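Each chain, written out:
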Amino acid sequence: MSRFARPKPVGRATGRGLVVGAVAVLLAGVGASADAASGTAPSGPVVSGATVNSGHDVIVGITHNVQFPVTVTGSDDSGLSFADVDLKGPHGGFYTTDAFCETATACTTGFTVNAHPAPGSDDPVDLANTNAGTWSVDALVDANDGDSAFAPGVGSFSLKRAARLTVNASPEPVAKGARITVTGKLVRANWDTYRYAGYAGQAVKLQFRPKGSSTYTTVATVNTSDTGTLRTTAKAVKDGYWRWSFTGTNTTGPAKATGDYVDVRP
């Protein structure tokens, strides 16, 4: 199986994943009872954690597939052999896939998510805006000796809608001490319409970087309009670059505009 195998899409669960998971939970309960009765320590694999996208948010736009790894870690006397991984999100969001373990303690599988139906797909289910937010990771691992362990909620991550920012500073050039007008627009991916639309009521920072410097400094914070537009004025003191910067929200990724250079003349 390819590392980035095509998973079942949002809203669908495989019968195998659900049945095997249920069996694993049942067996784990029986094993625990037997161990408790005998006074011996429980045996079998242990799932210690799951890392999604190397610890970074998963940010999805409207046209391209986004691939990212999920690594489940754990241990067993015989070593881990296989992992079945489910991602569960808000409002019925669901993806599942599996992979053989690359080491005795780590199993990495890949997921592909998108905001659009795949052309010709037998199951063209895609992301919806309501799926953005915090997702959890469930993992079922198999050991080389045949034992299994199911770990619900072993990890979590944020799945966010992509954002974009534009900027324009004018007039250019401008006399030193005069005021310039800086405009722009904040938009974010709409997974329901497959377009970018204005993001209203968001605090966005206006930043300036002097010519010859690599550091931007925040000079003002402006809220976007009902259509996502931005507008403010600032005093022109020296040559440099102006940009808008958005830190993001729980459902939307961050964005920075490319700096717009303004020539300030004496």
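Up top is the structure.
Trainee: Can you lay out the nonpolar core for me, pointing to particular residues and giving the numbers?
Mentor: By size, the foremost hydrophobic cluster in this structure holds 33 residues, and its most contacted members are Val58, Val60, Leu87 and Val137. Elements with a minimum of two residues in this core: strand E1 (46-52), strand E2 (58-60), strand E3 (66-75), strand E4 (80-88), strand E6 (106-113), strand E7 (133-143) and strand E8 (148-161). Ranked by residue count, the leading element in this core is E8, at five residues. Beyond its immediate chain neighbours, meaning those up to four positions away, Val58 contacts Val52, Asn53, Val66, Phe68, Val113, Phe157, Ser158, Leu159 and Lys160. Counting residues in each nonpolar core, the second largest holds 23 residues, with Ala163, Ala234, Ala255 and Ala257 among its members.

Trainee: Report on the sheet that holds E8, specifying residues and quantitative values.
Mentor: Pairing is mixed in the open sheet, where five strands are placed in the order E2-E8-E7-E4-E5. On the outer flanks of this sheet lie E2 and strand E5 (94-100), each paired with one strand and no other. Taking the axes of each pair of neighbouring strands and ignoring which way they run, one obtains an average angle of 25 degrees across the sheet. Relative to E5, E4 is paired through seven bridges, and the arrangement is antiparallel. Looking at the pairing, Asp86 lines up with Thr96 of E5.

Trainee: Can you explain the environment of Ala236? Please cite residues and give values.
Mentor: Secondary-structure assignment places Ala236 in the loop between strand E15 (229-235) and strand E16 (240-246). For Ala236, a relative accessible area of 3% gives the class buried. Along the primary structure Ala236 and Arg179 are separated by 57 residues, whereas in three dimensions their C-alpha atoms are 5.6 Å apart. For Ala236, the contacting residues outside a window of four places in its chain are Val174, Ala175, Lys176, Gly177, Ala178, Ile180 and Val264.

Trainee: I'd love a proper account of the sheet that holds E6, names of residues and values included.
Mentor: Strand order in the open sheet formed by three strands is E1-E3-E6, with antiparallel pairing between adjacent strands. What marks the edges here is a single partner per strand, and that holds for E1 and E6. If you compare each strand with its neighbour and ignore which way they point, the axes differ by 20 degrees on average.

Trainee: Can you lay out the state of the cysteines for me, pointing to particular residues and giving the numbers?
Mentor: Going through the model one piece at a time under the given rule, you end up with one disulfide. With a sulfur-sulfur separation of 2.1 Å, Cys101 is cross-linked through a disulfide to Cys107. The disulfide joining Cys101 to Cys107 has a torsion of about 75 degrees about its S-S bond and is therefore right-handed. Note on accessibility: Cys101 and Cys107 belong to one class, buried.

Trainee: Can you tell me about the environment of Ser170, naming the residues and giving the values?
Mentor: Relative to the elements of secondary structure, Ser170 occurs in strand E9 (residues 163-170). Sequence spacing of Ser170 and Thr181 is eleven residues, and the spatial spacing of their C-alpha atoms is 5.5 Å. Ignoring any residue separated from it by four or fewer positions in sequence, one finds Ser170 in contact with Ile180 and Thr181.

Trainee: Let's hear about the pairing of E6: which residues, and what values?
Mentor: In terms of burial, E6 is a largely internal element, eight of the eight residues being buried. The alternating pattern of E6 places Ala106, Thr108, Gly110 and Thr112 and Cys107, Thr109, Phe111 and Val113 on opposite faces, both of which are buried. One ladder, built from eight bridges, connects E3 with E6; its direction is antiparallel. If you follow Thr71 over to E6, its bridge partner there is Thr108.

Trainee: Please give an account of the pairing of strand E11 (residues 179-190) that cites residues and values.
Mentor: In this sheet, E11 lies alongside E9 in antiparallel orientation, the contact comprising eight bridges. Along E11, the bridge assignment pairs Leu165 with Leu186. In the sheet, E11 pairs with E15 via seven bridges, with the strands oriented antiparallel. Note that in E15 the partner of Thr183 across the bridge is Arg231. Taken together, E11 and the strand that follows it, strand E12 (residues 195-198), pair antiparallel across an intervening segment of four residues, in which Tyr194 is found at a positive phi of about 60 degrees.

Trainee: Describe the pattern of salt bridges, and please don't skip the residues or the numbers.
Mentor: Applying the stated criterion to the full structure yields three salt bridges. A salt bridge links Asp57 to Lys160; the shortest N-O distance between them is 3.0 Å. Residue Asp57 is located in the loop between E1 and E2, and its partner Lys160 is located in strand E8; the two are separated by 103 residues in the primary sequence. Since its relative accessible area comes to 32%, Asp57 is described here as partly exposed. Classification of Lys160 as buried rests on a relative accessible area of 11%. Close ionic contact of Asp138 with Lys88 constitutes a salt bridge, the shortest N to O distance being 2.8 Å. With a gap of 50 residues between them, Asp138 in strand E7 and Lys88 in strand E4 connect regions that are remote in the sequence. Asp138 gets classed as buried once you look at its relative accessible area, which sits at 6%.

The rules behind the values
Residues numbered from 1 in each chain as written. Predicted model: local features only at pLDDT ≥ 70, side-chain atom pairs only at ≥ 80, totals over all residues. Heavy atoms only, no water. Core = buried A, V, L, I, M, F, W, Y, C linked by side-chain atoms within 4.5 Å. Buried < 20%, exposed > 50% of the residue type's maximum accessible area, 1.4 Å probe, protein only. Helix = DSSP H or I, 4+ residues; strand = E, 2+ residues; numbered from the N terminus. Contact = heavy atoms within 4.5 Å. Pairing = 2+ DSSP bridges. Axes fitted to C-alpha atoms, helices over the stretch in contact; angles between N-to-C directions. Disulfide = S-S within 2.5 Å. Salt bridge = Lys/Arg side-chain N within 4 Å of Asp/Glu carboxyl O.

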